[in-house]
Amino acid sequence: SAHQEFPDSDPEDTSEELTEMVCLKTDLQDGQMMEVEVGHHGVLLTRSQGMYSATGNQCTHYGAPLSKGFISGHRVRCPWHGACFNVHTGDLEEYPGMDCLPRHKVEIQNNKVYVTVNKKTLRQEKRMKSMGAAVLGVTHTILLLGGGAASIICAEILRQENFGGRIIMVTRDDLLPYDKTRLSKVMNVESDSILLRRMEFFHQYDIEVWLRKEALSVDTDKKVVKFTDGSVQSYDQLLIATGCRAKGLDVPGMDLDNIKMLETPEDARQIHTACLGCHVVLVGTSFVGMEVASYLIDKAASVTIIGSSEMPYQNTLGPEIGRVTMMMLSEKNVSFCMNDNVTEIRGVSGKVKELVLKSGKVVTADILIVAVGIIPNSEFLRSSKIQMDSKNFVLVDKYMRTNIPGVFCGGDMVTFPLAMAKNQLVNIGHWQMAQAHGRIAGLNMLDKQTELNSVPFYWTVLLGKTIRYAGYGEGYTELVLKGKFEDRKFLALYIKNDEVIAAASLNYDPAVSAVAERLVEGKIITKTEALSDDLSWLQLS
């Protein structure tokens, strides 16, 4: 069927073609790439194993130039957020992108390299993988609980692999699946602008989406899910991906007005509007708290951040990078109260007025934003036989299977074995990881045995600058630094047992993508290599 969103480019149609000589055969060595122009349009030309290939050069996630990314073997990794593509086929191999790259014809004659593009599809930066739809008479039902990253990818993978049964995605949101990473970065967001797919897409590929519906209980013996509205749905296979919600503060005064937590686009818009010209206090110095604070700098009258640790990101990026980010925000007049906690919220006529801290300090607040962590939405599983850990995260194996056959789980709410950390059981709330979970669940539902092998990749935006992070740095014992923190241009390599387990960077692309690729391939980066001044392996632009 013809795809309405981004049709697959048909290489047989020659009427609208344009061919241009782009370079000499000797201009690229194996394992190199560059951007070339065909019809005033950027194309990524790569050479791998003696073979030239041409694809679109814009990452299908947010449009980054892939020519400035990292190439290894047959794949290129985006410099911005770590999406990967096969250079020969243009197919997506790692998230957070969702679509493939358009592919162009390459021919070599007399030592010259020619690229042929289809003029009609030249403007399309994305190519959707071909997908099937439901097949009449196939009654097998796959039920997806949750409308986030894991669910939508699972649904798409099922249709890409020609599953012909019924797919039902159920979400308590009143929105189709959307890009949640945007909420803390562009808070006055129009819901429509962050949808991952439009309604037509779900119709075309027979993916039923039930909005404003919440699961109440799961009976894995009878294979039915009961919903809060009293309805019941049976399933043959189940994906549970209901995510997490924000944790509140356990102190007096939490019921006052003007206390906000960020979970939905509506929350984001409310925070944006409520904070204009006000004295805003944020509790929590991890990713959401710091991003929201950064966003509000030029909008609120004042911004104060309260953190329980000594530095922001103490347990994630670590105190060294925490100190840099604290300086960045302090220069913009953000006040920090670190090593402190809120003990009481005081109000006047029902609204927040001031906060009392453990240190005895009293902070004035018109608006309080709480970003102190998450709680899994797993209460509805308590009466089921599905196994959870002590914090109520669902336990899965590397195939995203729970302890119950036919029941899979993914996203923020799972504890899973991380391949790159010697299968240590972890809980990681990254967008790209949730997407990978959805893919692995979908393939294993169809008995296409596939293990989760993704390396976590994360980014955070502060004052318009992006800090990128890849790997799993828990328990690192030292940090090797390239560049300087004070120049706001650095690469930090996290070391444990004499090898690199994670990397973070600012203005140092595509170094984090280079590290991610090495970690995926299982090629150890030794401490000696990390300390060396030879940075050629990072393919710095």
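Attention in this report is confined to the structure presented alongside it. (Residues numbered from 1 in each chain as written. Predicted model: local features only at pLDDT ≥ 70, side-chain atom pairs only at ≥ 80, totals over all residues. Heavy atoms only, no water.)

What about the overall build of the protein?
Now for step 1: Secondary structure summary: the protein contains eight helices and 36 strands in total.
Now for step 2: Here the C-alpha atoms of the protein give a radius of gyration of 24 Å, agreeing with the 24 Å that 2.2 N^0.38 yields for 541 residues.
Now for step 3: Overall size of the protein, expressed as C-alpha extent along the three principal axes, is 80 × 60 × 45 Å.
Now for step 4: Expressed as a percentage of the 541 residues in the protein, the buried residues total 54%.
Now for step 5: The contacts of the protein with a sequence gap of at least 6 include a subset with a gap of at least 24, amounting to 60%.
Now for step 6: Between the centroid of the 57 positive side chains of the protein and the centroid of its 66 negative side chains there is a distance of 1 Å. (Helix = DSSP H or I, 4+ residues; strand = E, 2+ residues; numbered from the N terminus. Rg over C-alpha atoms; globule rule 2.2 N^0.38 Å. Buried < 20%, exposed > 50% of the residue type's maximum accessible area, 1.4 Å probe, protein only. Contact = heavy atoms within 4.5 Å. Lys, Arg positive; Asp, Glu negative; His and termini not counted. Charge placed at Lys NZ, Arg CZ, Asp CG, Glu CD.)

Things to note about the environment of Glu37
Now for step 1: You can see Glu37 is positioned in strand β2 (residues 32-37).
Now for step 2: For Glu37, a relative accessible area of 52% puts it in the exposed group.
Now for step 3: Through-space distance from the C-alpha of Glu37 to that of Asp389 is 53 Å; in sequence the pair is 352 residues apart.
Now for step 4: Here Glu37 is in contact with Glu20 and Val22, once residues within four sequence places are set aside.

Concerning empty space enclosed by the protein
Now for step 1: Under the definition given, this model contains one cavity of 30 Å³ or more.
Now for step 2: If you add up the space inside the largest cavity, you get close to 30 Å³.
Now for step 3: What lines the largest cavity is His41, Gly42, Val43, Gly56, Pro102, His104, Leu122, Gln124 and Glu125.
Now for step 4: Across the lining of the largest cavity, the residue classes tally to three nonpolar, five polar and one charged. (1 Å grid on protein atoms, 1.4 Å probe; cavity = no way out; pocket = protein on both sides within 12 Å on 5 of 7 lines; lining within 4 Å. Points joined across faces, edges and corners; volume = space filled by probe spheres on them. Nonpolar A, V, L, I, M, F, W, Y, C, P; charged D, E, K, R; others polar.)

Things to note about the packing of helix α1 (residues 149-160) against helix α6 (residues 431-445)
Now for step 1: Closest axis-to-axis distance for the α1/α6 pair is 7 Å, and the angle between their directions is 35 degrees. With respect to the hand of their crossing, α1 and α6 are arranged in right-handed fashion. Counted together, Ala149, Ala150, Ile153, Cys154, Ile157 and Leu158 of α1 and Trp431, Ala434, Gln435, Gly438, Arg439, Gly442, Leu443 and Met445 of α6 form the full contact between these two elements.
Now for step 2: Each residue belonging to the contact of α1 with α6 can be placed in one class, and the counts come to ten nonpolar, three polar and one charged. (Axes fitted to C-alpha atoms, helices over the stretch in contact; angles between N-to-C directions. Left-handed = near helix turned anticlockwise from the far one by under 90°.)

Examining the sheet that holds strand β6 (residues 75-77)
Now for step 1: Reading across from one edge, β5-β6-β7-β8 is the order of the four strands in this open sheet, with antiparallel pairing throughout. Two strands in the sheet have a free side with no partner beyond their single neighbour: β5 (70-72) and β8 (92-94). Pairs of neighbouring strands in the sheet enclose a mean axial angle of 30 degrees, with direction left out of account.
Now for step 2: Where β5 lies against β6, three bridges are found, and the strand directions are antiparallel. Its bridge partner lying in β6, Ser72 is registered against Arg75.
Now for step 3: Against the sheet, helix α7 (residues 511-521) touches β5, β6 and β7 (84-86), its axis set at about 135 degrees to β6. (Pairing = 2+ DSSP bridges.)

Topic: the sheet that holds strand β17 (residues 237-240)
What holds strands together in a sheet is hydrogen bonding between their backbones, with the strands either parallel or antiparallel.
Now for step 1: If you trace the five strands from one edge of the open sheet to the other, you get β13-β12-β11-β17-β29, paired in parallel fashion. Whereas interior strands pair on both sides, the edge strands pair on one side only; in this sheet they are β13 (207-210) and β29 (407-409). Within this sheet the neighbouring strands show an average axis-to-axis angle of 20 degrees, counted without direction.
Now for step 2: The pairing of β17 with β29 spans three bridges and is parallel. Considered in β29, the bridge of Ile240 is made with Cys409.
Now for step 3: Its contacts with the sheet place α1 against β11 (141-145), β12 (166-170), β13 and β17, and it is angled at close to 170 degrees to β12.
Now for step 4: Contacts from α6 reach β11, β17 and β29, with the element oriented near 170 degrees to β17.

Considering the layout of surface pockets
Now for step 1: Of the volumes computed, that of the second largest pocket is approximately 520 Å³.
Now for step 2: What lines the second largest pocket is a set of 26 residues, among which Leu92, Glu93, Glu94, Tyr95 and Arg439 lie closest to the centre.
Now for step 3: Of all elements in the fold, only β8, α1 and α6 reach the threshold of two or more residues within the lining of the second largest pocket.
Now for step 4: Across the lining of the second largest pocket, the residue classes tally to eleven nonpolar, five polar and ten charged.

Topic: the pattern of salt bridges
Now for step 1: Counted according to the given criterion, the structure contains 27 salt bridges.
Now for step 2: Put simply, Lys398 and Glu451 hold a salt bridge, and the shortest N to O gap is 3.9 Å. Placement of the pair is Lys398 in the loop between β28 (394-395) and β29 and Glu451 in the loop between α6 and β32 (457-462), with a sequence separation of 53 residues.
Now for step 3: Look at Lys398 and you get partly exposed, because its relative accessible area is 28%.
Now for step 4: Salt bridges sharing common partners tie together Arg75, Arg77, Glu93 and Glu517. (Salt bridge = Lys/Arg side-chain N within 4 Å of Asp/Glu carboxyl O.)

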